[in-house]
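# Tertiary structure, described
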Amino acid sequence: MLRVISGSARNLLLKTPDGLETRPTTDRIKETLFNMLQTQVPGAVVVDFFAGSGSLGIESLSRGASHAYFVDNSREANNCIVENIKHTHFEDKATVFSQDTRTAASMIHENFVDIIFMDPPYNKGLEKEMLEVLKKMPYVTEDTLIVIEASLDTSFDYLEDLGYELYKEKRYKTNKHIFVYPLSEE
């Protein structure tokens, strides 16, 4: 069972979708991730692409994010996200899109998004595809942090060619988080 690690919904349990379609970020990895982001989350607008259970977006809301968008094209995942949002009482700060990430990306109408989480199915090239889409979104600026969870062997050697800068990489036993910023278009 996943739980909310810290903040206003601390220790509340979260449901996860059944099956092998999703791999929820473990509590330990989520805690490490949010320790690295702790100063950036309060007041932030957050997008959780390939959201699964919605755990990363909900953790952000619990830690003071002002709004979170949840995107997943699985009906089961979206039902799970909606239940978790209700359980944690974040209905007024959450928007759920039940469609593919490329379509949903263009439906977000914010002036600026602070943090984008992306945890796509591993080894399908969806990270690169989404980075290409996000580069065209007006709410993604050089100050938008994009956090991608990927398998350890996923290469991101194309980042600079796409107009992104690798800020940091955090490796775990079975996967990694990479932190990237769009390069400014000066």
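Our structure is the block above this text.
Parameters and conventions
- Residues numbered from 1 in each chain as written.
- Predicted model: local features only at pLDDT ≥ 70, side-chain atom pairs only at ≥ 80, totals over all residues.
- Heavy atoms only, no water.
- Helix = DSSP H or I, 4+ residues; strand = E, 2+ residues; numbered from the N terminus.
- Rg over C-alpha atoms; globule rule 2.2 N^0.38 Å.
- Buried < 20%, exposed > 50% of the residue type's maximum accessible area, 1.4 Å probe, protein only.
- Contact = heavy atoms within 4.5 Å.
- 1 Å grid on protein atoms, 1.4 Å probe; cavity = no way out; pocket = protein on both sides within 12 Å on 5 of 7 lines; lining within 4 Å.
- Points joined across faces, edges and corners; volume = space filled by probe spheres on them.
- Nonpolar A, V, L, I, M, F, W, Y, C, P; charged D, E, K, R; others polar.
- Core = buried A, V, L, I, M, F, W, Y, C linked by side-chain atoms within 4.5 Å.
- Axes fitted to C-alpha atoms, helices over the stretch in contact; angles between N-to-C directions.
- Parallel < 35°, antiparallel > 145°, perpendicular 65-115°, else oblique.
- Left-handed = near helix turned anticlockwise from the far one by under 90°.
- Pairing = 2+ DSSP bridges.
- Right-handed = clockwise from strand over helix to strand, strands pointing away.

### Some thoughts on the overall build of the protein chain
Summing up its helical and strand segments, the protein chain has 6 helices and 9 strands in all. Relative to its length of 186 residues, the protein chain is compact, with a C-alpha radius of gyration of 15 Å against a globular reference of 16 Å. If one aligns the C-alpha atoms of the protein chain with their principal axes, the spans along those axes are about 45 × 35 × 30 Å. For the protein chain, the proportion of its 186 residues judged to be buried stands at 52%. Within the protein chain, residue pairs in contact and separated by at least 24 positions form 65% of the contacts whose partners lie at least 6 positions apart.

### Here we look at empty space enclosed by the protein
One pass over the structure, following the stated rule, counts 1 cavity of 30 Å³ or more. There is about 30 Å³ of room inside the largest cavity. Considering the residues around the largest cavity, the lining is formed by L33, L56, F117, M118, D119, V147, I148, E149 and H177. The set of elements that each furnish at least two residues to the lining of the largest cavity consists of β6 (115-118) and β7 (145-151). Counting residues per element, the lining of the largest cavity draws most heavily on β7, at 3 residues. Tallied by class, residues from the lining of the largest cavity come to 6 nonpolar, 1 polar and 2 charged.

### Points about the nonpolar core
Grouped burial of nonpolar side chains is what soluble globular proteins tend to show. If you look at the biggest cluster of nonpolar residues, it comprises 31 residues, and the most contacted ones within it are F49, M118, L131, L134, Y139 and I146. Of all the elements in the fold, those that place two or more residues in this core are β3 (45-49), β4 (67-71), α4 (101-105), β6, α5 (126-134), β7, α6 (159-162) and β9 (175-182). The leading source of residues in this core is α5, at 5 residues. Beyond its immediate stretch of four places on either side in the chain, I146 contacts I116, M118, L131, L134, Y164, I178, F179 and V180. Core analysis: the next-biggest nonpolar cluster, separate from the first, contains 27 residues, L37, V46, I115 and V147 among them.

### Considerations on the packing of helix α1 (residues 27-37) against helix α2 (residues 55-62)
At a minimum axis distance of 11 Å, the contact between α1 and α2 shows a crossing angle of 45 degrees. Classified by the interaxial angle, the pair formed by α1 and α2 is oblique. The element α1 and its partner α2 pack so that their crossing is right-handed. Across the interface between the two elements, K30, L33 and F34 of α1 pack against S55, L56, E59 and S60 of α2. In terms of residue class, the contact of α1 with α2 is built from 3 nonpolar, 2 polar and 2 charged.

### A word on the pairing of β7
Counting buried positions along β7 yields 7 of 7 residues, so the element is predominantly enclosed. Taken together, the 4 bridges between β6 and β7 define a ladder with parallel strand orientation. By the bridge assignment, F117 is partnered in β7 with V147. Chirality of the crossover, the property in question, places the unit of β6, α5 and β7 among those that are right-handed. Here β7 pairs with β9 via 6 bridges, running antiparallel. If you follow I148 over to β9, its bridge partner there is I178.

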